[in-house]
Amino acid sequence: QVQLVESGGGLVQAGGSLRLSCAASGIILSINVMGWYRQAPGKQRELVATITNGGTTNYADFVKGRFTISRDNAKNTVSLQMNSLEPEDTAVYYCNANMRPSGAWFTRDYWGQGTQVTVSS
């Protein structure tokens, strides 16, 4: 059984930095796109950043220049370095990966349990 486990959330003052990490575990045949999404109270979940297994990245406009996504294909991990954090970045951040586990015919999306990021003003 595959799963995604996140770490690195917490409380930080505005202007500070946090680094989120996510590790995929289990017997995994392939991972395509990995990414981070977030959901603030009362709002829909939204894309933050994605990265393909070839390293192509995509960012939401509201994080460009502040956040950097990276991945280690050998370790099945994805990270999000968040700098210049703003109170508006407060949300639960979710790791996402499109994976094909052992025994599966197709890939599908998997989600982590979420990690809270709180930015105080």
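Shown above is the structure to which this text applies.
Below you will find a few notes about this structure. Keep in mind the model is a prediction, meaning the values are calculated, not measured.

It is worth spelling out the overall build of the protein at this point. Helix and strand counts for the protein come out as zero helices and eleven strands. In sequence order, the secondary structure elements of the protein are arranged as β-β-β-β-β-β-β-β-β-β-β. Projected onto its principal axes, the C-alpha coordinates of the protein cover approximately 50 × 25 × 20 Å. With 121 residues in all, the protein has 40% of them scored as buried. Within the protein, residue pairs in contact and separated by at least 24 positions form 56% of the contacts whose partners lie at least 6 positions apart. Here the protein has roughly 6500 Å² of accessible surface; of this, 48% comes from carbon and sulfur atoms. When the 10 basic and 8 acidic side-chain charges of the protein are each reduced to a single mean position, those positions are 7 Å apart.

Attention shifts here to the state of the cysteines. Counted according to the given criterion, the structure contains one disulfide. Each sulfur of the disulfide joining C22 and C95 lies 2.1 Å from the other. Handedness of the C22-C95 disulfide follows from its S-S torsion of about -80°: it is left-handed. Taken together, the residues C22 in strand β3 (residues 18–25) and C95 in strand β9 (residues 91–101) connect sequence positions 73 residues apart.

Now for the nonpolar core. The nonpolar side chains of a soluble globular protein tend to be buried, and buried together. W36, L80, M82, Y93 and M99 are the most contacted members of the largest nonpolar core, which has 32 residues in total. When contributions to this core are tallied by element, the ones reaching two or more residues are β3, β4 (28–39), β5 (46–51), β7 (67–72), β8 (77–82), β9 and β11 (115–120). Ranked by residue count, the leading element in this core is β9, at five residues. Setting aside residues no more than four positions away along its own chain, M99 makes contact with V2, L4, A24, I28, S30, I31, F106, T107, R108 and Y110.

This part covers the side chain of T115. Mapped onto the elements of the fold, T115 is located in strand β11. Overall, T115 belongs to the buried group, its relative accessible area being 12%.

Analysis parameters
Residues numbered from 1 in each chain as written. Predicted model: local features only at pLDDT ≥ 70, side-chain atom pairs only at ≥ 80, totals over all residues. Heavy atoms only, no water. Helix = DSSP H or I, 4+ residues; strand = E, 2+ residues; numbered from the N terminus. Buried < 20%, exposed > 50% of the residue type's maximum accessible area, 1.4 Å probe, protein only. Contact = heavy atoms within 4.5 Å. Areas by Shrake-Rupley, 256 points an atom, 1.4 Å probe, with all protein chains shown as cover. Lys, Arg positive; Asp, Glu negative; His and termini not counted. Charge placed at Lys NZ, Arg CZ, Asp CG, Glu CD. Disulfide = S-S within 2.5 Å. Core = buried A, V, L, I, M, F, W, Y, C linked by side-chain atoms within 4.5 Å.

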